[in-house]
Amino acid sequence: MDLKVGIVSGEASGDLLGSELMAALSQKVGDVQFVGVGGERMRSQGLFALESIDRFSMNGFVEPLTRFPELLKLLKSLATQLASVDVMVGVDFNVFNLLLERRLKSRGIPTVHYVSPSVYAWRRNRVRKIEKSADLLFTLFPFEPAYYENSGTKALFVGHPLADRISPSRNRNLERKLARDQLSIGHSATAVAVLPGSRKSEIRSHLDLFLRAAERVQAMLKEERQFVFVVPCVNDNTANLVKDRSSVYSHLDVRVVTSNSLEVFRACDAALVKSGTSTLEAMLMRVPMVVAYQTGPLTYAIVRSVLQTRWVALPNILTDRELVPEFLQHAATPESLSFALCQELRSSEESSGYFDEFDRLHIELRCSASAKAAEAILELVGCR
């Protein structure tokens, strides 16, 4: 059966997610055509690009406002060009895609949104807006569908693609050895991943805090361990910024690498991590972690006033308890982070059950997300 799928992603993370979904749909449908917007990975799966993904590239809060007329024109253009699809799938890029889906849904086209915005954390009234846009919504976490129970949107937990990509049964010792060889880290050293965030503001808020904590960790355990602190950076510009800001810590062995965080987690024994997706990555890679978040007083006051979860680290949100230590704002000090990191290092080495909950969550999130999402899309359009 012929199937024409509109699919739009405006960012790199969505490009990978979209390409995996396209591959799963292609396996289930003999003749499927994809049209929309995506990056290199989605184009490699056969996407006919209506616009360049570069048109969506923007930073901060101000740039989207200054480019609003251009984005509105793009929205109208895509709504017209996608008017003949059998189903519309918006991948991440929430604000733009939900507006696009809403226009197409009003024309009778089935609409899908992948993935759910974090309504569990804030803006729960957004559910009412989402139901005007999406007939079907995919969630990454099992507790999310409950927030849509009384809405017109069907929410389906499909699992987390990252949990699918990382095998729970992988050879971790071999993985660690190969990763350390790749990063030139000695096999006897205790390696700590340092992830302050990728934005300049995040680096300013967290890098110095994390390296001051690293100083204390090294001082406390210098008699028994040799430490290496590894900072992964997304590109050379970020790496240069981190190198410049960390140069004052010449007494620490700080390795700044242009590498993805998963590769660094493979090589490391523990991590200091800014709250965000990296906390989930560390959990899936079985890396003990200490999580922190700091920002300006006004921003923090605003975030705290709308935040509707007790926790910020994803492992803690998933278990609704402090599975991993987390410290926010004034509680995030070099002293608190270093003490907690030393505790996690020792516990992970001495307790045989330390990773049991990490492993349980990994299995819970490992659901063949792309295949499950593809099946639900085909059911929505009536061509299983």
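The structure we're discussing is the one just above.
Everything quoted here is computed from the prediction, not taken from an experiment.

About the thresholds
- Residues numbered from 1 in each chain as written.
- Predicted model: local features only at pLDDT ≥ 70, side-chain atom pairs only at ≥ 80, totals over all residues.
- Heavy atoms only, no water.
- Helix = DSSP H or I, 4+ residues; strand = E, 2+ residues; numbered from the N terminus.
- Expected span 1.5 Å × (residues − 1).
- Contact = heavy atoms within 4.5 Å.
- Polar contact = N/O pair within 3.5 Å; in protein donor to acceptor, adjacent residues only side chain to side chain.
- Phe/Tyr/Trp six-rings, centres within 6.5 Å; stacked < 30°, edge-to-face > 60°.
- Buried < 20%, exposed > 50% of the residue type's maximum accessible area, 1.4 Å probe, protein only.
- Pairing = 2+ DSSP bridges.
- Axes fitted to C-alpha atoms, helices over the stretch in contact; angles between N-to-C directions.
- Core = buried A, V, L, I, M, F, W, Y, C linked by side-chain atoms within 4.5 Å.

### Comments concerning helix α8 (residues 172-183)
- Taking 1.5 Å per residue as the helical rise, α8 with its twelve residues ought to reach 16 Å, and the 16 Å between its terminal C-alpha atoms agrees with that figure.
- The inward-facing, buried residues of α8 abut β8 (190-195), β10 (254-258) and α11 (261-267).
- Where α8 begins, one side-chain oxygen reaches toward the backbone nitrogen of Asn-173, 3.3 Å away; that side chain belongs to Asn-171.
- Phi for Ser-184, located one or two positions after α8, is positive at around 55 degrees.

### Concerning the packing of aromatic side chains
- Summed over all chains, the structure comprises seven aromatic pairs.
- Relative to Phe-229, the ring of Phe-227 lies with its centre 5.7 Å away and its plane at 10 degrees, an arrangement referred to as stacked.
- The interplanar angle of 75 degrees and the centroid separation of 5.7 Å between the aromatic rings of Phe-355 and Phe-358 together place this pair among those described as edge-to-face.
- Counting every residue linked through ring pairs, the aromatic cluster contains Tyr-354, Phe-355 and Phe-358.

### Observations regarding the pairing of strand β4 (residues 87-91)
- Judged by how many residues are buried, β4 sits mostly within the fold: five of five residues are covered.
- Side-chain alternation along β4 places Val-87, Val-89 and Val-91 on one buried face and Met-88 and Gly-90 on a second face that is also buried.
- Alignment of strand β1 (residues 2-9) against β4, held across five bridges, turns out to be parallel. In the strand pairing of β4, Ile-7 is matched with Val-89.

### Quick notes on the sheet that holds strand β3 (residues 47-49)
- An order of β3-β2-β1-β4-β5-β6-β7 is seen for the seven strands of this open sheet, with the pairing classed as parallel. Looking along the sheet, the strands with just one partner apiece sit at the ends: β3 and β7 (154-157). In this sheet, adjacent strand axes meet at a mean angle of 25 degrees when their direction is disregarded.
- Lying over the sheet, helix α5 (residues 94-105) contacts β1, β4 and β5 (111-114), oriented at roughly 170 degrees with respect to β5.
- Its contacts with the sheet place helix α17 (residues 369-381) against β1, β4, β5, β6 (136-139) and β7, and it is angled at close to 170 degrees to β6.

### Let's talk about the nonpolar core
- By size, the foremost hydrophobic cluster in this structure holds 71 residues, and its most contacted members are Ile-7, Leu-21, Tyr-114, Phe-138, Leu-280 and Met-289.
- Element by element, the count of residues in this core is highest for α17, at six residues.
- In this structure, Ile-7 is in contact with Gly-18, Leu-21, Met-22, Phe-34, Val-35, Gly-36, Val-37, Met-42, Leu-47, Met-88, Val-89 and Val-91, ignoring residues within four places of it in sequence.
- Formed by 32 residues, the second largest nonpolar core is a distinct cluster that contains Ala-214, Phe-229, Ala-270 and Leu-341.

In short, the description is geometric, and any link to function would need to be established separately.
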